[in-house]
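Listed below, chain by chain, are the residues.
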Amino acid sequence: MANEVRWVREDAHLASLSAEWRALPYVAVDTEFMRVDTFYPIAGLVQVGDGRCAYLIDPLTISDWTPFAQLLEDTSVVKVLHACSEDLEVLLRLTGSLPAPLFDTQLAAGYLNIGFSMGYSRLVQSVLGLELPKGETRSDWLQRPLSEMQVRYAAEDAQHLAELYEALLAKLPDDKRAWVLEDGAELVANLQREVDPDELYREAKLGWRLNRQQLAVLRALTAWRERQARERNQPRNRILREHSLWPLARYQPTDLTALARIDDMHPRTIRQDGETLLALIREAAATPASQWPEALPEPLPLEASSALKKLRAVGQREAERLGIAPELMLRKKVLESLLKSGFPNGPYRLPDSLKGWRREKMGQALLDALETSA
């Protein structure tokens, strides 16, 4: 186990180390951050492990992240992270770059059927037989100096992540290693995809129960909420609560009294943005019919559950054959998209979201299962 810990607090030091790391086959990367009442995560620490040493990079003193960004983008160096969706947000916000190639140890554990969605401590214990210190995950990572326990926790994360990678890599056959990297690339691509605030209404709960004029109001509300959350750097629910969106679009209040009766409407929102919301609703409600969104598709009916079960069985069989955690095989959204393409009588079409090795190994079997079902 690596036992040396080095702090990185100057741009020149980070530039020098980043150049050294680019000569390695891999680096383990972790982050500690705060996200209590902000839209964007605030980086408190970036840890790098190279198998020999744990480096603690202080984002409060580093101003030039360009060399580190170049490391993240260097495709000759594998970047190892664990359950990394939030870490990716931190790195993108901090450096403007994302890791490629990305090896997620949580995914690797699923491909080895060690477990699905395993927490870092549990996986380290399972694979390396080590107990990690607990209790620092939610501590204040923006305070300085960090406590001795925080430093130990952060350093051990980086040290053991490197060891974990080497242990998992030794067990992974080439095809599964390629699938881990393929899934990592998809995680990165999803984060790089610009979210259009005007399209977020499609994801709102119960949106399918609204008519097209009401959807125009929902579209305006969800887009406004998203833009304000980004601009004010506040969580979306701090701007306008999720459960208020549907009733606002459905009932379209015209004054503050009616607004206050809307489900889950926070008094602070009425004080700060009540008049803005009323104006927004008024304007969106008057949208010409030619500009209303198309109606959202209804959820699949209960009768589709038996077909859904047959599709899941295809994934289950393939998971058993390959020795992979079944949860990794087919996402529910993919199966629902497939069913919606032709339910109840077909023909069915494989959705674009089913791609890579999953499409290759299970695509035809899924279509065959639906044909048999019909």
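Residues numbered from 1 in each chain as written. Predicted model: local features only at pLDDT ≥ 70, side-chain atom pairs only at ≥ 80, totals over all residues. Heavy atoms only, no water.

Undergrad: Just to check I follow, could you spell out the packing of aromatic side chains for this structure?
TA: Tallied over the full model, the rule gives 10 aromatic pairs. Between Tyr26 and Tyr165, the aromatic rings sit 4.7 Å apart at their centres with planes inclined by 50°, giving tilted as the arrangement. Here Tyr26, found in strand β2 (residues 26–34), pairs with Tyr165, found in helix α6 (residues 148–171); they are 139 residues apart in sequence, far enough to count as distant. Both residues of the pair, Tyr26 and Tyr165, belong to the buried class. In this structure an aromatic cluster arises from ring pairing among Trp21, Tyr55, Trp65 and Phe68. (Phe/Tyr/Trp six-rings, centres within 6.5 Å; stacked < 30°, edge-to-face > 60°. Helix = DSSP H or I, 4+ residues; strand = E, 2+ residues; numbered from the N terminus. Buried < 20%, exposed > 50% of the residue type's maximum accessible area, 1.4 Å probe, protein only.)

Undergrad: Teacher, can you tell me more about the UniProt feature "domain: HRDC" (unreviewed entry) in the protein chain here?
TA: Those places that UniProt annotates as "domain: HRDC" (unreviewed entry) correspond, in this numbering, to residues 211–291. For residues 211–291, the helix share is 73%, the strand share is 0%, and the end-to-end C-alpha distance is 13 Å. (UniProt positions renumbered as here; feature names shortened; annotations may be inferred.)

Undergrad: Quick question: what am I supposed to make of helix α14 (residues 332–340) here?
TA: Every α-helix carries 3.6 residues per turn, so stepping three or four residues along brings you back to the same face. Buried residues of α14: Val334, Leu335, Leu338 and Leu339, and no others. Buried residues of α14 fall within an arc of 135° about the axis and therefore sit on the same side. Looking at α14, the residues exposed on the side facing more than 90 degrees away from the buried face are Lys332 and Lys333. (Arc of directions from axis to C-beta.)

Undergrad: Just to check I follow, could you spell out the domain arrangement of the protein chain for this structure?
TA: Much of the literature gives interface size as the accessible area that the parts lose upon coming together. On domain assignment, one finds that the protein chain holds domain 1 (6–192), domain 2 (197–291) and domain 3 (303–372). In this structure, domain 1 and domain 2 have C-alpha centres spaced 37 Å apart. Counting residues at the interface gives five residues for domain 1 and eight residues for domain 2. Seen at the junction of domain 1 and domain 2, the total is zero salt bridges. (Domains from an automatic or database assignment. Contact = heavy atoms within 4.5 Å. Salt bridge = Lys/Arg side-chain N within 4 Å of Asp/Glu carboxyl O.)

Undergrad: Got a minute to help me understand the sheet that holds strand β4 (residues 53–57) in this structure?
TA: Strand pairing in a sheet takes place through backbone hydrogen bonds and is either antiparallel or parallel in direction. With mixed pairing, the six strands of this open sheet are ordered in space as β1-β4-β3-β2-β5-β6. Lying at the two open borders of the sheet, with one neighbouring strand each, are β1 (4–8) and β6 (102–104). Sheet twist, expressed as the average angle between the axes of neighbouring strands with direction ignored, equals 25°. By the bridge criterion, three bridges tie β2 to strand β5 (residues 78–81) in an arrangement that is parallel. Within β5, the position partnered with Ala28 by the bridge is Val80. (Pairing = 2+ DSSP bridges. Axes fitted to C-alpha atoms, helices over the stretch in contact; angles between N-to-C directions.)

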